[in-house]
Every structure is written in structure tokens, then in C-alpha cells.
Amino acid sequence: MQEIRFNLPRIEKNRVLFSWEPNRVLKQSSYWTEYPDVERLEASPGKLTEAYFPVCLALSSLPDVELKLPVELPDEVLQNWRAAFAAVSRKLFKTPRDFPVVNGTLKPDYRSNSGKHTVLFFGGGTESLLTLARLREAGVSPMLASFGGPLWSGSNPDTNPDKFRMDERVSRELGFPLLRVRTNFKELLYLPAWKPYLVPGASIINSVTFLPFFISFILPAAEHFEIGRCVSGNEKMNYPDEYFCFSEGLTPFLARIASGVSYESHLGDIYKEDVCREL
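Just so it is clear, the model here is predicted, and its values are computed rather than measured. (Residues numbered from 1 in each chain as written. Predicted model: local features only at pLDDT ≥ 70, side-chain atom pairs only at ≥ 80, totals over all residues. Heavy atoms only, no water.)

(A) Quick look at the environment of P240. Its place among the elements puts P240 in the loop between β10 (227-233) and β11 (262-266). C-alpha of P240 to C-alpha of L67: the two residues are 173 residues apart in sequence and 28 Å apart in space. (Helix = DSSP H or I, 4+ residues; strand = E, 2+ residues; numbered from the N terminus.)

Structural data, given as C-alpha cells:
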């Protein structure tokens, strides 16, 4: 059994640095997430540690590791992690296993958070636009989370600036605040290295970690912006196993993986054609 120790994430102005040791399978043992519109990010050790969830989820596919967190997360959070890990393990891992995470010892020291704001994961496509329309009809004015970074096809600000200009235009013209998030997480995952641990047809990104990473990007900023709710639009799919993390097989288990911040998935009962028709 090999122990992998997660370090307490470090804030450098508006950037959070995540790291662990030793490395296993992942191309590198660190990554960063930053918030360009924030001068100095404020976040508790607990919220920063909760953001390790998708990395722990990926590493839990390995049959001989024990993952040690730096912070003592609440029992309720770890129970919800355990349920999500079990759902993924049963469906996608060649060797289903027990929850390999060991709680930390440092105090989480969560900051006060009214949770009054809702964040919508906004990619500018039909799903996020329809979800935005439905939220507006329900009287909710969400923050629009715009994600991007290197090696992220279609979401790299350097190679596709038009996508981000459109995000800014929607925010400006419709009057919704924009939460820009930049991260190099795509540099972590070398897909062929994970094939021995996943069932045929499963991908460590699309099947296992993509949506959990989206949620994790919000958590370090949740207390700073008083975010209590994350929402995304994920239409019904003909091939749910390939995109398991976006499907109804997993999304209910992601609802409470963080203290004081919920997640919910919309549009899971309709296909792409229905989305376009309603728009």
C-alpha cells in the first residue's frame, strides 16, 4: 500500500496551488487554479482541501494507494465523497475498491458564507443557454462561471479568444456577473496511463473527472463570493457510460461533496433536439 499525501493548498494572490507527493500515474504532482478578476483570494483550509475531490477520485482507481488529506473535513462531506466514489468505482473501475481516503488533522476553519449566490457553469452552448433561461424564469440571477486554460480544446484563451469575448458579452448585455476561472488541470491527465485501471470505453476525463473538476474550481472562491449553489445543464445522453460523470448515474452523488455548497444538474430528462427546440 502506497501513501499519497496531499499538501495544504497555497494561495498566491488570486491563484491556488494544489500539490501532493509522491506522484502516481498523473503526469505531474501539482496544478493551479486562478481567478483573474480577484486581487487577493480569501478561502479557508477546508474549502481549499475540498477542491482535491476530483484528484482523489481519479487516484482511487489505483488498487494499492491510501490518500491522506491535510485537513479534517466534516464527516458529512466524507460520507458524500464515499457515496460518489462507490458509484464511480462500481461503474468504471476494473477493480472496485473501498474508499481509500484518510481524513486530515488540521482544522478546516470554514469562513462565514451566506451562500446567497448561484453559479452557472457557462460554456456558451445550448445546454448552458437553456439552463440560464430557465433560471431567469425562476427568478434566479446567477453568476456565470467561464472556465479556460492551456491544453483545453476550445477553452484556451490564447487559441480561442472569441469564446471568452462571447462570455463577456452575454454577461454584460444580460447583466449577470462573470466569474472567470483559469486552470492548467488538463496538463495532469495523460489518458493512456489510465486505461489499465478503467473499464473499456471509459475515459479518466470525460467519464470520471470532468464535472467533478468543474465543481472543484468553484470551491476555493465560494467563501470569497458567498456562493452556495452550483448549477450546470447536462442533457440526456445516448451513451451515458462514456460521459458518466455528467449523467444521472453520478450527478445525484455530487450534490453535497462540499460543506455549504450544493451542486445540481439540469436538463437530464431531455435530449439535444429538445434543448434546441425549447431554445
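(B) Structural view of the side chain of N234. Its place among the elements puts N234 in the loop between β10 and β11. Not counting residues within four places of it along the chain, the set of residues in contact with N234 comprises E127, L211, F246, Y263, S265, H266, L267 and G268. (Contact = heavy atoms within 4.5 Å.)

(C) Spotlight on the state of the cysteines. Scanning all chains against the criterion turns up zero disulfides. Of the cysteine sulfurs around C56, a residue in no disulfide, the closest is that of C245, at 16 Å. Taking the relative accessible area as the measure of exposure, C56 reaches 0% and is therefore buried. (Disulfide = S-S within 2.5 Å. Buried < 20%, exposed > 50% of the residue type's maximum accessible area, 1.4 Å probe, protein only.)

(D) Up close: the packing of aromatic side chains. Summed over all chains, the structure comprises 26 aromatic pairs. Aromatic side chains F18 and Y31 sit 4.8 Å apart centroid to centroid with 15 degrees between the ring planes, which places their arrangement in the stacked category. Here F18 is found in strand β3 (residues 15-21), whereas its partner Y31 is found in strand β4 (residues 30-34), with 13 residues between them in sequence. Residue class for Y31 comes out buried when judged on its relative accessible area of 2%. On the numbers, 5.0 Å between centres and 75 degrees between planes, the contact of F85 with F99 is edge-to-face. One end of the pair, F85, is in helix α3 (residues 75-92); the other, F99, is in the loop between α3 and β6 (101-102), with 14 residues separating them in the sequence. Of the residues examined, F99 reaches a relative accessible area of 14% and is grouped as buried. For R15, the ring lying beneath its charged end belongs to W32, and the centroid distance is 3.9 Å. (Phe/Tyr/Trp six-rings, centres within 6.5 Å; stacked < 30°, edge-to-face > 60°. Lys NZ or Arg CZ within 6 Å of the ring centre and 35° of its normal.)

(E) Inspection of the environment of I11 at higher detail. As for its placement among the helices and strands, I11 is situated in strand β2 (residues 10-12). Separated by 265 residues in the primary sequence, I11 and C276 have C-alpha atoms spaced 41 Å apart.

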